[in-house]
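# Architecture at a glance
Okay, here's what each chain looks like letter by letter:
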Amino acid sequence: SGNNPHRYFPFPTIRPAQDRALNAWMKIINGDKRFAVFELLTGVGKSGIAYAIGAWAGSTTLDPDHQSGAYILTTQKSLQTQYLRDFGNRGMVELKGAVNYRCEDQDTDCQAGRMLHKANRALIQAKRDDPNTAPEDLLEFEAKHPIKCGTCAYETAKGRFKAAPLGVTNFSYMLAESKHVRT
């Protein structure tokens, strides 16, 4: 049925430990628990379990006040890449930190590009405040010193990640993002 993560299991067969984990998840969801932590041995097939639960969550509305979906958090970027390789064709999207995306305007990564844009804003303001700056010189200076990207690759990826029903990212990124960004 649609109310069962087994339906979303991404591989041809479900191993006994995977079946037990998915059944335990359903027991938790149907009970009064809000959170669950699964500690599973290496080789059990955690990625298949995580994908099935995440895909199920992306198709199920448990709370009408919240968007359905799931984020899978990994400990390493290499595991994040593996999830995307295995499940990207099934609608999973990823998000990494700004340093992993290219800022075309500044010819660097998006993290450095953001800092350069901020510095440019300060430089432009200083030029505007300088009574000796001719208007045509200010226009030329502004044209050579962009203050934001036309299309930011990082912001595009972030928007895609937020809108997707199933995403994967790493703990380091998510912790840093949640510490510095208010929603």
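Report follows, based on the coordinates. If you're wondering where the values come from, they're calculated on a predicted model, not measured in any experiment. (Residues numbered from 1 in each chain as written. Predicted model: local features only at pLDDT ≥ 70, side-chain atom pairs only at ≥ 80, totals over all residues. Heavy atoms only, no water.)

## With respect to the pattern of salt bridges
- This structure, assessed with the given rule, holds seven salt bridges.
- The partner of K96 in a salt bridge is E94, with the nearest N and O atoms 4.0 Å apart.
- With a relative accessible area of 16%, K96 lands in the buried category.
- You can call E94 partly exposed: its relative accessible area is 21%.
- Two residues, E177 and K158, come together in a salt bridge whose shortest N-O distance is 2.5 Å. With E177 in helix α7 (residues 171-180) and K158 in helix α6 (residues 153-163), this pair connects stretches of sequence that are 19 residues apart. (Salt bridge = Lys/Arg side-chain N within 4 Å of Asp/Glu carboxyl O. Buried < 20%, exposed > 50% of the residue type's maximum accessible area, 1.4 Å probe, protein only. Helix = DSSP H or I, 4+ residues; strand = E, 2+ residues; numbered from the N terminus.)

## Details of the packing of helix α1 (residues 16-30) against helix α2 (residues 46-58)
- It is the contact of α1 with α2, at a shortest axis distance of 10 Å, that shows an interaxial angle of 35 degrees. When the axes of α1 and α2 are compared, the crossing they make is right-handed. Mapping the contact onto sequence places Q18, A21, L22, W25, M26 and I29 in α1 and I49, A52, I53 and W56 in α2.
- For the contact of α1 with α2, a count of residues per class yields nine nonpolar, one polar and no charged. (Axes fitted to C-alpha atoms, helices over the stretch in contact; angles between N-to-C directions. Left-handed = near helix turned anticlockwise from the far one by under 90°. Contact = heavy atoms within 4.5 Å. Nonpolar A, V, L, I, M, F, W, Y, C, P; charged D, E, K, R; others polar.)

## Some thoughts on the layout of surface pockets
- Its volume calculated, the largest pocket comes out at about 1,800 Å³.
- In terms of lining residues, the largest pocket is bounded by 42 residues, among which W25, I53, A70, Y71 and I72 are the most central.
- Of all the secondary-structure elements, those providing two or more residues to the lining of the largest pocket are α1, α2, β1 (70-74) and α3 (77-87). (1 Å grid on protein atoms, 1.4 Å probe; cavity = no way out; pocket = protein on both sides within 12 Å on 5 of 7 lines; lining within 4 Å. Points joined across faces, edges and corners; volume = space filled by probe spheres on them.)

## A word on the packing of aromatic side chains
- Enumeration according to the criterion identifies seven aromatic pairs in this entry.
- Consider the rings of F9 and F11, whose centres lie 5.8 Å apart with planes at 75 degrees: the pair is edge-to-face.
- Taking relative accessible area as the criterion, F9 reaches 9% and is therefore assigned buried.
- Each ring, one from F11 and one from F87, has its centre 5.9 Å from the other, and the planes form 50 degrees; the classification is tilted. Taken together, the residues F11 in the segment before α1 and F87 in helix α3 connect sequence positions 76 residues apart.
- Ring pairing ties together the aromatic residues F9, F11, Y51, Y83 and F87, which thus form one cluster.
- Over the ring of F141 we find K127; its NZ or CZ atom is 5.0 Å from the centre of that ring. (Phe/Tyr/Trp six-rings, centres within 6.5 Å; stacked < 30°, edge-to-face > 60°. Lys NZ or Arg CZ within 6 Å of the ring centre and 35° of its normal.)

## Focus on a nonpolar patch on the surface
- A contiguous nonpolar patch, built from Y71, L73, F171 and L175 and spanning about 380 Å² of accessible area, is present on the exposed surface.
- Mapped onto the nonpolar patch, the elements with two or more residues apiece are β1 and α7.
- Structurally, the position occupied by L73 is in strand β1.
- The class of L73 is partly exposed, set by a relative accessible area of 31%. (Patch = residues over 30% accessible without salt bridge, like charges linked within 9 Å, V, L, I, M, F, W, Y side chains within 5 Å. Areas by Shrake-Rupley, 256 points an atom, 1.4 Å probe, with all protein chains shown as cover.)

## Notes on the pairing of strand β5 (residues 166-170)
- Counting buried positions along β5 yields five of five residues, so the element is predominantly enclosed.
- Neither face of β5 is exposed, since L166, V168 and N170 on one face and G167 and T169 on the opposite face are all buried.
- In this structure, β1 lies alongside β5, joined through five bridges in parallel fashion. Opposite Y71, over in β5, you have G167 as the bridge partner.
- Where strand β2 (residues 93-94) lies against β5, two bridges are found, and the strand directions are parallel. By the bridge assignment, V93 is partnered in β5 with G167. (Pairing = 2+ DSSP bridges.)

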